[in-house]
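Listed below are the residues making up each chain.
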Amino acid sequence: MPPIISVQQLTKTYGNGFEALKGVDLDIERGEILALLGPNGAGKTTLISIVCGIVNPTGGKVLVDGHDVVKDFRRTRSLIGLVPQELTTDQFETVWNTVSFSRGVYGKKPNPALIEKILRELSLWKKKDNMLRELSGGMKRRVLIAKALSHEPEVLFLDEPTAGVDVSLRRDMWEVVKRLREEGVTIILTTHYIEEAEEIADRVGVINGGKLLLLQEKTALMKQFGRKQLKLDLT
Ligand code: ATP
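Everything numeric here is computed off the predicted structure, so don't read it as measured data.

Caption draft 1: Spotlight on the pattern of salt bridges. A complete count under the given rule lists 9 salt bridges for this structure. Across the pair Arg-203 and Glu-32 runs a salt bridge whose closest N-O atoms are separated by 2.6 Å. Of this pair, Arg-203 sits in strand E9 (residues 203-208) while Glu-32 sits in the loop between strand E2 (19-28) and strand E3 (33-37), and the two are 171 residues apart along the sequence. Residue classification places Arg-203 among the buried residues on the basis of a relative accessible area of 9%. Close ionic contact of Asp-129 with Lys-128 constitutes a salt bridge, the shortest N to O distance being 3.4 Å.

Following this line, the structure appears as structure tokens:
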């Protein structure tokens, strides 16, 4: 079976001439958890945004399940769920409405049983009638994950899901991610934390200055860099 996502010689130069991606190649296998580790400005969000069809590449291409993200945007977008870095959701809407409306945005028929299942799995069921503004930061992040899962995507991108989250919530989030993978969802997450990449990912990509170094196994991460050096380079 071909990889669920294939990134080929991808480049991105922004309008101001800044080269954010300088020829990235990456195949993502079905059912894996891939962590993209890198410092601020490395190009992680740019890469995710192109794969999700939000930003156009300058060169190269991305295939999602064999379909080109630029030419066949509607099809590829429906296969992907994106959990963005920023909490952009309407704070005066309820949890239930936020997640159900998100499904509608993808043109999918209402499915209250599915929304209930997602909310229960993310421990949001008791909060379903609460407005987002009444939730803690950790709970709001869970709502963003629930939203991204509402249209039953095959691939879930999480852009720095644990940035600014305390240790216990971070571990909580890791459990959620592992459980989703057990259900067959392919997961790509970006992070600044080497511990996070080590804890939950099957493979790790180190991205820096718009280039990607892909490490097939996590142990290679430590062998190649050593914890101390990676911390110095990436934080
Ligand atoms: P962070 O960890 O801080 O989120 P990142 O690895 O996700 O960083 P990107 O957001 O992809 O990095 O940014 C990569 C580079 O591209 C940065 O130097 C950023 O300033 C630049 N950049 C991003 N968006 C634009 C834009 N719209 N116009 C010009 N430059 C941009």
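Caption draft 2: Quick peek at helix H4 (residues 112-121). Turning to H4, its buried residues number three or more, namely Leu-114, Ile-115, Ile-118 and Leu-119. Summarising the axial view, the buried residues of H4 lie within an arc of 135°, below the 170-degree limit, and thus occupy one face. The outward face of H4, more than 90 degrees from its buried face, is lined by the exposed residues Pro-112 and Ala-113. The inward-facing, buried residues of H4 abut helix H3 (95-105) and helix H5 (137-149). Looking one or two residues beyond H4, the residue adopting positive phi is Ser-123, at roughly 55°.

Caption draft 3: The arrangement of the site of the ligand in detail. What surrounds the ligand is a group of 15 residues, the closest being Asn-40, Gly-41, Lys-44, Thr-45 and Thr-46. Here an oxygen atom of the ligand and a side-chain polar atom of Asn-40 are 2.7 Å apart. Protein burial of the ligand: of its 640 Å² of free accessible surface, 65% is covered by the chains. Here the shell around the ligand gets 3 residues from one element, more than from any other, and that element is helix H1 (residues 44-51). Grouping the amino acids of the shell around the ligand by side-chain chemistry returns 5 nonpolar, 8 polar and 2 charged.

Basis of the calculations
- All chains use their own residue numbering, which begins from 1 and follows the written sequence.
- A pLDDT threshold of at least 70 governs which residues receive local features in this predicted model, and a stricter bar of 80 or more applies before side-chain atom pairs are shown or counted, although totals over entire chains, interfaces and linings include all residues.
- The side-chain numbers reported here are obtained from all heavy atoms of the structure, hydrogens and water having been left aside.
- Here a salt bridge means any side-chain nitrogen of Lys or Arg lying within 4 Å of a carboxyl oxygen belonging to Asp or Glu.
- Only DSSP runs of H or I with at least four residues qualify as helices, and only runs of E with at least two residues qualify as strands; both kinds are numbered from the N terminus onward.
- Residue exposure (1.4 Å probe, protein chains only): buried if accessible area is under 20% of the type maximum, exposed if over 50%, otherwise partly exposed.
- Relevant arc is that of directions from the helix axis to the C-beta atoms, nothing else.
- Two residues qualify as a contact provided that any one of their heavy atoms is within 4.5 Å of a heavy atom in the partner residue.
- We call a residue near a molecule or strand whenever a single non-hydrogen atom of that residue lies within 4 Å of it.
- Identification of polar contacts relies on pairs of N or O atoms within 3.5 Å, with a donor-acceptor requirement for protein atoms, meaning one able to donate a hydrogen and the other able to accept it, and with residues adjacent in sequence counted only if both atoms are side-chain atoms.
- For the area figures, the Shrake-Rupley method with a 1.4 Å probe applies, and any residue is considered shielded solely by the protein chains shown.
- Residue type decides the class: Asp, Glu, Lys and Arg count as charged, Ala, Val, Leu, Ile, Met, Phe, Trp, Tyr, Cys and Pro as nonpolar, and the leftover types, Gly among them, as polar.

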